[in-house]
Structure formats: C-alpha cells, structure tokens
Amino acid sequence: MKTLNKTSVLLVEDDLDLRNMISDSLKTVDYKIYTTKKSIEGLDLFKKYDIDICILDLELSGIDGLALAAQIRILNPDMPIIFLVNKGLHLNMLKELEYGIDDYVTKPFSTEELLLRIKAVLRRVERNDPFSYSLGESKINIGRFIFDAKNMILILDGHEQPLTRKEAALLKVLYDNKNDLVTRKKALKMIWGNSDYFIGRSMDVFIARLRKYLKADPNVKILTVHGVGFRLVITETSMIDA
C-alpha cells in the first residue's frame, strides 16, 4: 500500500444513501474516494485518476457492474475490484470470483466489514506487485530534482511533489535507461504487465503528468519517439553526480 500518498478508491453505487455512507467511512481512514452512480461516469473517473481499488455495485442500471469491471480490466488487467452484491445473488457471485474478481460483500453490510475487505485485497495486491520491490530505496538526482523512489516523491528546492505508484515506476524505468529509448512495449510490460493498446493510452496520461512535474528544469525532458517509445534526456549541464 502507499506510504505518503492516499489510497485512491473508485466507488460506483447507484444508491445515494449507501454511496454516501461508504464514502464518509473511507474518508475517515484517509482514503481518497471518487464516487458516481453511473457506470459510464465511473469509467471516465477510472481513466482520469490513478485508482488503486474499485468498489462496484453489481446491479447498476444501464451497464451493470460486471460489464464495467470488464472495461476496467481492459485498461488495467490487475486492478483489484470488490463487488457490492444484493442478498440472494452471492452464490452466483462465487462463480464470477473464479474469473478474477477479487472479493465481494453482500448487502446489507457494515462499513467495518468493507474496510477489512479493502485492506485484505490491497495487501494481496502489494505482495503480488512485480514492480514494488524494484523502485529501490535510494534518492536519485535527476537534473535539479531529487527523486525519492522509496517514498515516491519528486523534490525541487525543498518543494515535494508526491507521485502515484505508476508515476514513480515509470520515472524509475525512464531514469534507469536515461538518454536511451524505452519502448512503449517495454514500459507497459514492466509496469502494467500488459502492452494492450488501451493500457498504452493510459500510460500517455502518466507521461504527460511527469512532463508537467519536470518542466521546472528545462534541461530535463521526456521526448516522444512517435510510435516507438520515450527517452528521458538529461543534458550534461543539468546532470549531478549522486
């Protein structure tokens, strides 16, 4: 799980009272939560923000929870998902669990139960994260910036910019290959575990964020080699020995 950055939760639930109850409960334990009642809006939120775990109502109107989960898994096959299931449907839900759904809770449920399920799923994800161990613990000089990989922070003149897990992982991959080309396929495989086209579009969002963070030092740039990949270029006047 994250150290300095809040865990981000996407909640898609069409019952307003239940949605507010879950949202308030998660905020009390310092989770960052994005909520909506509609699947389409939920998918938009997932694309826009760096989500750590999704909580989806199984029986959403229009596009149901299973269909939404399928779309989310196209973008990120490893995204942990917990379903909220009406009583009487849980036996059918067990079958869906065999196809990669991480967990479910049956309505009505206590917020304490849901919090325990979330923590358990996130612990499993952390243990199975192929990139979590390779960020390292050292602080790296990137031009005028200090990249604290362990704590996922980019520091410039005392100002700290928290990074998401994927932002930190992507910056580390680029730095480890600084001034050399990193192919899109390589970056996607290392961080997302999949080089699918739609996941690639998601990676472009993270590249744009990193460019925004790094623009304070004009000697540090992420260049795009169109259709191939990216290069982190650090000019000699900006490079600082560790």
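Shown above is the structure to which this text applies.
Cut-offs used in this document
Residues numbered from 1 in each chain as written. Predicted model: local features only at pLDDT ≥ 70, side-chain atom pairs only at ≥ 80, totals over all residues. Heavy atoms only, no water. Pairing = 2+ DSSP bridges. Helix = DSSP H or I, 4+ residues; strand = E, 2+ residues; numbered from the N terminus. Axes fitted to C-alpha atoms, helices over the stretch in contact; angles between N-to-C directions. Contact = heavy atoms within 4.5 Å. Core = buried A, V, L, I, M, F, W, Y, C linked by side-chain atoms within 4.5 Å. Buried < 20%, exposed > 50% of the residue type's maximum accessible area, 1.4 Å probe, protein only. Parallel < 35°, antiparallel > 145°, perpendicular 65-115°, else oblique. Left-handed = near helix turned anticlockwise from the far one by under 90°. Nonpolar A, V, L, I, M, F, W, Y, C, P; charged D, E, K, R; others polar.

> Let's hear about the sheet that holds strand β2 (residues 32-36): which residues, and what values?
Overall, parallel pairing links the 5 strands, which are arranged β2-β1-β3-β4-β5 in an open sheet. In this open sheet, the two strands that pair with only one neighbour each are β2 and β5 (103-107). Going across the sheet, the axis of each strand differs from the next one's by a mean of 20°, ignoring polarity. For strand β1 (residues 8-12) and β2, the ladder comprises 5 bridges, and the chain directions are parallel. Of the residues in β2, the one forming a bridge with V9 is I33. Its contacts with the sheet put helix α1 (residues 16-28) on β1, β2, β3 (53-57), β4 (81-86) and β5, and the angle it makes with β2 is roughly 170°.

> Before we move on, can you summarise the nonpolar core with the specific residues and values?
Judged by nonpolar contacts, the single largest core of 30 residues is most densely connected at I142, F147, L170 and L174. Mapped onto this core, the elements with two or more residues apiece are β6 (139-142), β7 (145-148), β8 (153-156), α6 (165-176), α7 (184-191), α8 (197-214), β11 (220-225) and β12 (229-234). Counting residues per element, this core draws most heavily on α6, at 7 residues. Counting 20 residues, the second-largest nonpolar core is a separate cluster that includes F46, I51, C54 and A69.

> Hey, could you go over the packing of α6 against α7 for me, with residue numbers and the actual values?
Put simply, α6 and α7 touch, their axes get as near as 10 Å, and they point 135° apart. Between α6 and α7, the angle falls in the class oblique. The interaxial crossing formed by α6 with α7 has right-handed handedness. Every residue of α7 that contacts α6 at K166, A169, L170 and V173 is listed here: A187, M190 and I191. Of the residues contributing to the contact of α6 with α7, the split by class is 6 nonpolar, no polar and 1 charged.

Taken by themselves, the reported measurements are silent on function.
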